[in-house]
Amino acid sequence: LHSDLIKCCSFDKLTPYIRVVSGSWDKTLLLWDIETHVATMHLKGHTGRVSACCLSGEPNLCASGSLDNTCRIWDLRSGEAAAVLEG
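Residues numbered from 1 in each chain as written. Predicted model: local features only at pLDDT ≥ 70, side-chain atom pairs only at ≥ 80, totals over all residues. Heavy atoms only, no water.

## What about the overall build of the protein?
A count of helical and extended segments in the protein gives 0 helices and 8 strands. Along its sequence from the N terminus, the protein presents helices and strands in the succession β-β-β-β-β-β-β-β. Expected size for 87 residues packed as a compact globule is a radius of gyration near 12 Å; at 12 Å, the protein falls within 12% of this value. Taking the principal axes of its C-alpha atoms as reference, the protein extends roughly 35 × 25 × 20 Å. Here the protein, with 87 residues, has 40% of them falling under the buried criterion. In the protein, of all internal contacts separated by at least 6 residues, the share reaching a separation of at least 24 is 28%. As displayed, the protein has an accessible area near 5000 Å², and 56% of this comes from carbon and sulfur atoms. One way to put it: in the protein the 8 positive side-chain charges average out to a point 4 Å from where the 10 negative ones average out. (Helix = DSSP H or I, 4+ residues; strand = E, 2+ residues; numbered from the N terminus. Rg over C-alpha atoms; globule rule 2.2 N^0.38 Å. Buried < 20%, exposed > 50% of the residue type's maximum accessible area, 1.4 Å probe, protein only. Contact = heavy atoms within 4.5 Å. Areas by Shrake-Rupley, 256 points an atom, 1.4 Å probe, with all protein chains shown as cover. Lys, Arg positive; Asp, Glu negative; His and termini not counted. Charge placed at Lys NZ, Arg CZ, Asp CG, Glu CD.)

## Some details on the environment of His 42
Within the fold, His 42 resides in strand β4 (residues 38–44). A relative accessible area of 34% means that His 42 is categorised as partly exposed. Each C-alpha atom, one on His 42 and one on Leu 85, is 20 Å from the other, the two residues being 43 residues apart in sequence. A polar contact is formed between the side chain of His 42 and the side chain of Thr 28, at a distance of 3.1 Å. (Polar contact = N/O pair within 3.5 Å; in protein donor to acceptor, adjacent residues only side chain to side chain.)

## Here we look at the packing of aromatic side chains
If you walk through the whole model with that rule in mind, you get 0 aromatic pairs. The ring of Trp 25 is capped by Arg 49, whose NZ or CZ atom sits 4.0 Å from the centre of that ring. (Phe/Tyr/Trp six-rings, centres within 6.5 Å; stacked < 30°, edge-to-face > 60°. Lys NZ or Arg CZ within 6 Å of the ring centre and 35° of its normal.)

## Some thoughts on the sheet that holds strand β5 (residues 50–55)
Pairing is antiparallel across the open sheet formed by 4 strands, whose spatial order is β5-β6-β7-β8. Either end of the sheet is taken by a strand with one partner, and the two such strands are β5 and β8 (80–86). Averaged over neighbouring strand pairs, the angle between their axes works out to 20° when direction is ignored. Where strand β7 (residues 70–75) lies against β8, 6 bridges are found, and the strand directions are antiparallel. Paired with Asp 75 across the bridge in β8 is Glu 80. (Pairing = 2+ DSSP bridges. Axes fitted to C-alpha atoms, helices over the stretch in contact; angles between N-to-C directions.)

Following this line, the structure appears as structure tokens:
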């Protein structure tokens, strides 16, 4: 679970189940299954507080922005950053 303030959250219901992503000042994101109320993935990689997050219309992508001056595109199949956009 998050260990600091949750700064952002986003949800989608385009997949067979409704998901929520939350971003925190603990520098991580959590992907939640709201039917079970369980975090299904912990996304780690930012070195600064997460300030924005969004689930994509694509079922396996999520974007996040951080005070580390990066945006990351996450592959929700692997839990890894598929791209890191700096600047």
